[in-house]
Amino acid sequence: MPTLDELIADSWFPFAGDITVKPFDPPVIPEPDRGGLDPATCWSCQRPDADYVWTDANWRLNGMLPTQLRGIVLLETRNHHDSFADMRPDLLAEIGPMIARVEKALLGLGDIARVHVNRWGDGGAHFHLWFMPRPLGMLQLRGSMLPMWLDLMPDVSPDDAAAALRGIASTLAADGGTAHA
Ligand SMILES: [Zn+2]
């Protein structure tokens, strides 16, 4: 485990100066409900296709707006699933190809070094995968510190953000599904 001084010296780490590590709170059991736990009131389930960047029979792609990086998107299942563990085998079999399609669409924006793909699920209870395109040359955004950097970065212009989502939608729709952005 690196020391705090070693972390601060690393260019990936967003913070410098005097910081201290919080002690762990005691475990909270049972845990509080997450948003959208009940499909009847789930925010994702209620949203129309028109609110998404791209959709098909089983998947919907949500664009993050406002955004600190062009092209941050979330891949959601059309139907309400919590995670991989409660998906049908045929839906699970589509995830790999879908990840590759979304990754290629984000790389197609240009000047993207790598697309970070993340699955947490501690926020909304409706299944979603995060795709975060790391801009070429921005070495400090490498790796798992990127989501923390996002909280510290200014938003890109609304026009640039919307143009990126339109590009992603049109790339995906060329291979099927419907572009809405
Ligand atoms: Zn839902």
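Residues numbered from 1 in each chain as written. Predicted model: local features only at pLDDT ≥ 70, side-chain atom pairs only at ≥ 80, totals over all residues. Heavy atoms only, no water.

Q: Mind showing me how you'd approach the coordination of the zinc ion here?
A: Six octahedrally arranged donors around a metal ideally form angles of 90 or 180 degrees; four tetrahedrally arranged donors ideally form angles of 109.5 degrees. All of the protein donors around the zinc ion are Cys 42 (SG), Cys 45 (SG), His 80 (ND1) and His 126 (ND1); their distances to the metal are 2.0 to 2.3 Å. Read in sequence order, the donor residues coordinating the zinc ion give the pattern C-x2-C-x34-H-x45-H. Linking Cys 42 in the loop between helix H1 (4-9) and helix H2 (43-46) with His 80 in the loop between strand E3 (73-77) and helix H3 (89-107), this pair joins segments that are 38 residues apart in sequence. (Donors = N, O, S within 2.8 Å, 3.2 Å for Na, K, Ca; no water. Helix = DSSP H or I, 4+ residues; strand = E, 2+ residues; numbered from the N terminus.)

Q: I'm lost on the pattern of salt bridges in this one. Help?
A: Pairing between side chains of opposite charge can happen when their charged atoms approach one another. Per the stated rule, a full pass over the model turns up five salt bridges. Notably, a salt bridge pairs Arg 34 with Asp 82, separated by 2.6 Å at the nearest N-O pair. Separated by 48 residues along the polypeptide, Arg 34 in the loop between H1 and H2 and Asp 82 in the loop between E3 and H3 bring together distant segments of the chain. Notably, a salt bridge pairs Arg 78 with Asp 49, separated by 2.9 Å at the nearest N-O pair. Here Asp 49 lies in the loop between H2 and strand E1 (54-55) and Arg 78 lies in the loop between E3 and H3, a separation of 29 residues in the sequence. Within this structure, Asp 49, Arg 60 and Arg 78 form a network of salt bridges that share partners. (Salt bridge = Lys/Arg side-chain N within 4 Å of Asp/Glu carboxyl O.)

Q: Just checking my understanding: could you explain the pairing of strand E5 (residues 128-135) for this structure?
A: Regular strands place their side chains on alternate faces of the sheet. In terms of residue burial, E5 counts as a mostly covered element, since eight of its eight residues are buried. The alternating pattern of E5 places His 128, Trp 130, Met 132 and Arg 134 and Leu 129, Phe 131, Pro 133 and Pro 135 on opposite faces, both of which are buried. Direction of pairing for E3 relative to E5: antiparallel, over a ladder of four bridges. Note on E5: the bridge partner recorded for Leu 74 is Trp 130. Sheet analysis places strand E4 (residues 112-118) next to E5, joined by six bridges and oriented antiparallel. Counterpart to Asn 118 in the pairing with E5 is Trp 130. (Buried < 20%, exposed > 50% of the residue type's maximum accessible area, 1.4 Å probe, protein only. Pairing = 2+ DSSP bridges.)

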